[in-house]
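Residue-level structure breakdown
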Amino acid sequence: MLCTGRLGGFGARAVALRPGLGAGIRARRVSTSWSPVGAAFNVKPQGSRWDLFGERRGLFGVPELSAPEGFHIAQEKALKKTELLVERACSTPPGPQTVLIFDELSDSLCRVADLADFVKIAHPEPAFREAAEEACRSIGTMVEKLNTNVELYQSLQKLLTDKKLVDSLDPETRRVAELFMFDFEISGIHLDKEKRKRAVDLNVKILDLSSTFLMGTNFPNKIEKHLLPEHIHRNFISAGDHIIIDGLHAEAPDDLVREAAYKIFLYPNAGQLKCLEELLSSRDLLAKLVGYSTFSHRALQGTIAKNPETVMQFLEKLSDKLSERTLKDFEMIREMKMKLNPRNSEVMPWDPPYYSGVIRAERYNIEPSLYCPFFSLGACMEGLNILLNRLLGISLYAEQPAKGEVWSEDVRKLAVVHESEGLLGYIYCDFFQRADKPHQDCHFTIRGGRLKEDGDYQLPVVVLMLNLPRSSKSSPTLLTPGMMENLFHEMGHAMHSMLGRTRYQHVTGTRCPTDFAEVPSILMEYFANDYRVVNQFARHYQTGQPLPKNMVSRLCESKKVCAAADMQLQVFYATLDQIYHGKHPLRNSTTDILKETQEKFYGLPYVPNTAWQLRFSHLVGYGAKYYSYLMSRAVACMVWKECFLQDPFNRAAGERYRREMLAHGGGREPMLMVEGMLQKCPSVDDFVSALISDLDLDFETFLMDSE
């Protein structure tokens, strides 16, 4: 999962690198203080060393951030620099230099905002979190000012309306200029004064509604105790005369517990319903105000799909191809439910997660505790190191952080080093559970890479955040197969941020269209599920015994169980998202639309007096873009099968992958990157076929067991 703050025209987009530029940048020397990555993750950090030796450097090595007050100093520096750069942008004749100044302007704000975005949710100390929150607000206010600065807008407009000048720009510079202009125009800066004010007001309203809606998606519901059968009370939180329901309890073995949780947690809240309706309506009004027929048309500019018509074609074709398989999955679930609960075998929306798990456990012996001893964190990190080295010439080295550089003593710092280009950047690994830490696996951009005016390269810095168990006295941190796959997934995002060299920070690493941003991370999941890769590192932490082939094949086969029904559910969510952000006014209430869409695109009955859409948190960050995960998976599947299935360590394919896909970030149209990698322009039918073929058992898994 990506976490990227978007602050409008000058906020953190999501982007990457430019081929060929690396050769012109001085290689960084290798440090003698680096140590092997595997060992670093299987030992406890020497926290006491940090308190006794060395100068205090501040978070991420930023001198001002050795104390919470430093955020104020950092933001003031950024704001002063911003004012100078605005003056420069407005007084410089239009040309490539205009884009460089805009990018430096974006960088000066993002270097504070991106870092603060992470610290405000992840730092264990409230004073740091509050200071970071204040910095975000301050930078956000400046961004609003910049996005409505007509003189600044005109300096960019002069460049983009001069055909001769535009034709003289290289493709990356032109694209970055157009991206800045696109973000300007969503603020309505090209409109007359009255409409511009309306656009600004709508943007502010949308931010507020988004924040309110997001909080409401997790808010628990309560019910009087006497309304629930007494024997299921113990499954929930008790508060006086009430039972608190804070989630769907999808894995609970008792059908009644899951049913109660579903009906109570999804019971509609009038305030949340009004908030969603206002959010969708405000987005539509803003899109129309700035020249789009729907919010979806605006949101899909520059993506692989390009427009909502293509997205709906993709989802409808995928749904058609899935329907027969999905019915078979539901029938399999019904049979299992009848076997365990003969009195009530109708499959309901609260059943698939639990019963598909039961079927997997019955057919395949995939108890996580059987796998964990083979997946110590150190072994998994060494596995990543081996893969990246053989595929891309990359090595990961553990580096001792300076005093004050990290926010928790168990955070590890990795140097990412290329065999000929030297140091490429840093990854801070915040992997372990702690109090008040968000329960999500995420990649955060802290500083984007860019070519500086003096010819040096600004190294990218990212954080990978996981929630792994800590090591014990008797064993290192041991990962379940799911945790191992998530680690590979997030490292895919990190490599996207590290590999290559974009000239502009505005399009660095993962700052690219949403339906492309998940491709590198999903592709890494294919490597994590390939025995040839797993065999390089999966060793029992006590005996050194390798993980048997048949255990890997069982695990891969088990993932195909009810996979069509799981994908059908994602199609339903993505379709719902498109309808909500399509033509307004909506033809029905959001709940009626949910009911119709669920029955058409999922197949299980809508449950009266429920409103799942009020828990659909992705409507905030992924509005009109929820389909992206499916499309990214289709692209990743095609890349895997075309380029890496025969040999997952193929160096030539790895270099091509870097050159064609990782090297551009958001500096190139995503479909051009996909074409470059696949050597063809894939159609909607190709994407659908890739996803459907992924549901079939791989022939290789049968070969594994026979060897």
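On a predicted model such as this, the values are computed, not experimentally measured, just so you know. (Residues numbered from 1 in each chain as written. Predicted model: local features only at pLDDT ≥ 70, side-chain atom pairs only at ≥ 80, totals over all residues. Heavy atoms only, no water.)

Per the secondary structure count, the chain includes 29 helices and 14 strands. The C-alpha extent of the chain, read off along each of the three principal axes, is 80 × 65 × 55 Å. Counting every position in the chain, which comprises 707 residues, the buried fraction comes to 57%. Contacts in the chain between residues far apart in sequence, at least 24 positions, make up 75% of those at least 6 positions apart. Total accessible area on the chain is roughly 29,800 Å²; 52% of this is exposed by carbon and sulfur atoms. Each charge class in the chain can be summarised by its mean position, and for the 84 positive and 90 negative side chains these summaries are 3 Å apart. (Helix = DSSP H or I, 4+ residues; strand = E, 2+ residues; numbered from the N terminus. Buried < 20%, exposed > 50% of the residue type's maximum accessible area, 1.4 Å probe, protein only. Contact = heavy atoms within 4.5 Å. Areas by Shrake-Rupley, 256 points an atom, 1.4 Å probe, with all protein chains shown as cover. Lys, Arg positive; Asp, Glu negative; His and termini not counted. Charge placed at Lys NZ, Arg CZ, Asp CG, Glu CD.)

The nonpolar side chains of a soluble globular protein tend to be buried with one another. Of all hydrophobic cores here, the largest spans 162 residues; its most connected members are Met-381, Ile-427, Phe-431 and Phe-644. Each of domain 1 (31–57 + 365–538) and domain 3 (198–219 + 269–359 + 562–706) accounts for three or more of the residues forming this core. Apart from the residues lying within four places of it in its own chain, the contact partners of Ile-427 are Arg-412, Lys-413, Leu-414, Val-416, Val-462, Leu-464, Met-491, Ala-494, Met-495 and Met-498. Core analysis: the second largest hydrophobic core is formed by 60 residues, Leu-79, Leu-152, Trp-407 and Leu-423 among them. (Core = buried A, V, L, I, M, F, W, Y, C linked by side-chain atoms within 4.5 Å. Domains from an automatic or database assignment.)

We now examine the side chain of His-418. Mapped onto the secondary structure, His-418 falls in strand S8 (residues 412–418). Judged by relative accessible area, which is 6%, His-418 ranks as buried. In this structure the side chain of His-418 is engaged in a polar contact, spanning 3.2 Å, whose partner is the backbone nitrogen of Glu-421. Every residue in contact with His-418, bar those within four places of it in the chain, is listed here: Leu-392, Gly-393, Ile-394, Leu-424 and Arg-658. (Polar contact = N/O pair within 3.5 Å; in protein donor to acceptor, adjacent residues only side chain to side chain.)

What the domain assignment reports for the chain is domain 1 (31–57 + 365–538), domain 2 (62–188) and domain 3 (198–219 + 269–359 + 562–706). The C-alpha centroid of domain 3 is placed 32 Å from the C-alpha centroid of domain 2. At the junction of the two partners, domain 2 supplies 10 residues and domain 3 supplies 15 residues. Summing both sides of the interface, domain 2 and domain 3 together bury roughly 920 Å²; the carbon and sulfur share of this comes to 60%. Counting the surface domain 2 buries against domain 3, the share from its top three residues, Arg-175, Phe-182 and Ile-186, is 62%. For the side of domain 2 that touches domain 3, the leading source of residues is helix H8 (residues 171–186), giving 6 residues. (Buried area = accessible area lost by both parts, 1.4 Å probe.)

Here we have 3 strands laid out as an open sheet, ordered S4-S6-S5, and antiparallel in their pairing. Looking at the sheet topology across the chains shown, the edges are occupied by strand S4 (221–224) and strand S5 (237–239). Averaged over all neighbouring strand pairs, the angle between strand axes comes to 35°, with direction disregarded. Where S4 and strand S6 (residues 242–245) come together, 4 bridges link them in antiparallel fashion. Across the sheet, residue Lys-222 finds its bridge partner in S6, namely Ile-244. (Pairing = 2+ DSSP bridges. Axes fitted to C-alpha atoms, helices over the stretch in contact; angles between N-to-C directions.)

Before going further, it helps to examine helix H4 (residues 96–122). Its 27 residues give H4 an end-to-end C-alpha distance of 38 Å, which sits within 8% of 39 Å, the value for a rise of 1.5 Å per residue. The principal kink in H4, of about 35°, is found at Cys-110. (Expected span 1.5 Å × (residues − 1). Bend = angle between axes of the 7 residues up to and from the residue.)

This part covers the side chain of Glu-64. Within the secondary structure, Glu-64 sits in the loop between helix H2 (47–52) and helix H3 (70–91). Apart from the residues lying within four places of it in its own chain, the contact partners of Glu-64 are Gly-70, Ile-73 and Lys-77.

Most of strand S7 (residues 394–399) is tucked away: 5 of the 6 residues are buried. Note: S7 against S8, 6 bridges, orientation antiparallel. The residue bridging Tyr-397 from the neighbouring strand is Ala-415, located in S8.

With the rule as written, the count across this model stands at 27 aromatic pairs. Between the aromatic rings of Phe-330 and Tyr-602, the centroid separation amounts to 5.5 Å while the plane-to-plane angle is 80°, which identifies the pairing as edge-to-face. Linking Phe-330 in helix H13 (residues 308–340) with Tyr-602 in the loop between helix H23 (590–601) and helix H24 (618–621), this pair joins segments that are 272 residues apart in sequence. Note on Phe-330: relative accessible area 10%, which makes it buried. Members of the aromatic cluster, each reached through a chain of ring pairs, are Phe-330, Phe-572, Tyr-573, Tyr-602, Trp-612, Phe-616 and Tyr-626. The ring of Phe-649 carries Arg-390 above its face, with NZ or CZ at 3.9 Å from the centroid. In this structure, Arg-615 is placed above the aromatic ring of Phe-265, and the distance from its NZ or CZ to the ring centre is 3.6 Å. (Phe/Tyr/Trp six-rings, centres within 6.5 Å; stacked < 30°, edge-to-face > 60°. Lys NZ or Arg CZ within 6 Å of the ring centre and 35° of its normal.)

Turning our attention to the pattern of salt bridges. Evaluated as defined, the whole model comprises 40 salt bridges. We note a salt bridge from Arg-450 to Asp-107, for which the minimum N-O separation is 3.1 Å. On the criterion of sequence distance, the pair formed by Arg-450 in strand S11 (residues 450–451) and Asp-107 in helix H4 is long-range, its members being 343 residues apart. Residue Glu-419 is joined to Arg-651 by a salt bridge in which the shortest nitrogen-to-oxygen separation is 2.6 Å. Here Arg-651 lies in helix H26 (residues 651–660) and Glu-419 lies in the loop between S8 and strand S9 (422–432), a separation of 232 residues in the sequence. Residue Glu-419 is classed as exposed on the basis of its relative accessible area of 55%. The network of salt bridges with shared partners includes Lys-81, Arg-88, Glu-104 and Glu-453. (Salt bridge = Lys/Arg side-chain N within 4 Å of Asp/Glu carboxyl O.)

So, on to the environment of Arg-658. Within the secondary structure layout, Arg-658 lies in helix H26. Sequence spacing of Arg-658 and Asp-192 is 466 residues, and the spatial spacing of their C-alpha atoms is 44 Å.

Quick look at unusual backbone geometry now. Among all residues except glycine, the phi angle is most often negative; among peptide bonds, the trans geometry is most common. The peptide bond linking His-584 to Pro-585 adopts the cis configuration, its omega dihedral lying at 0°. By the element assignment, Pro-585 lies in the loop between helix H22 (563–580) and H23. The residue Ala-624 is not glycine, and still its phi comes out positive at about 70°. Here Ala-624 shows up in the loop between H24 and helix H25 (628–644). Phi at Gln-679 is positive, roughly 60°, even though this residue is not glycine.

Let us look at the state of the cysteines. Under the definition given, this model contains 0 disulfides. Here Cys-136 stays free of any disulfide, with the sulfur of Cys-110 as its closest cysteine sulfur at 11 Å. (Disulfide = S-S within 2.5 Å.)

Axis separation between H4 and H8 bottoms out at 10 Å; the angle between their running directions is 60°. When the axis of H4 is compared with that of H8, the two are oblique. For the element pair H4 and H8, the recorded crossing hand is left-handed. Mapping the contact onto sequence places Val-99, Phe-102, Asp-103 and Ser-106 in H4 and Thr-173, Val-176, Ala-177, Phe-180 and Phe-184 in H8. When the residues that make up the contact of H4 with H8 are grouped by side-chain class, the tally is 6 nonpolar, 2 polar and 1 charged. (Parallel < 35°, antiparallel > 145°, perpendicular 65-115°, else oblique. Left-handed = near helix turned anticlockwise from the far one by under 90°. Nonpolar A, V, L, I, M, F, W, Y, C, P; charged D, E, K, R; others polar.)

Right, let's talk about helix H11 (residues 270–289) for a bit. For H11, with 20 residues, the first-to-last C-alpha span of 28 Å sits near the 28 Å given by 1.5 Å per residue. For H11, the complete set of buried residues consists of Gln-272, Cys-275, Leu-276, Leu-279, Leu-280, Ser-282, Arg-283, Asp-284, Leu-286, Ala-287 and Leu-289. Where H11 begins, one side-chain oxygen reaches toward the backbone nitrogen of Gly-271, 2.9 Å away; that side chain belongs to Asn-269. Gly-291 sits one or two positions beyond H11 and adopts a positive phi of about 105°.

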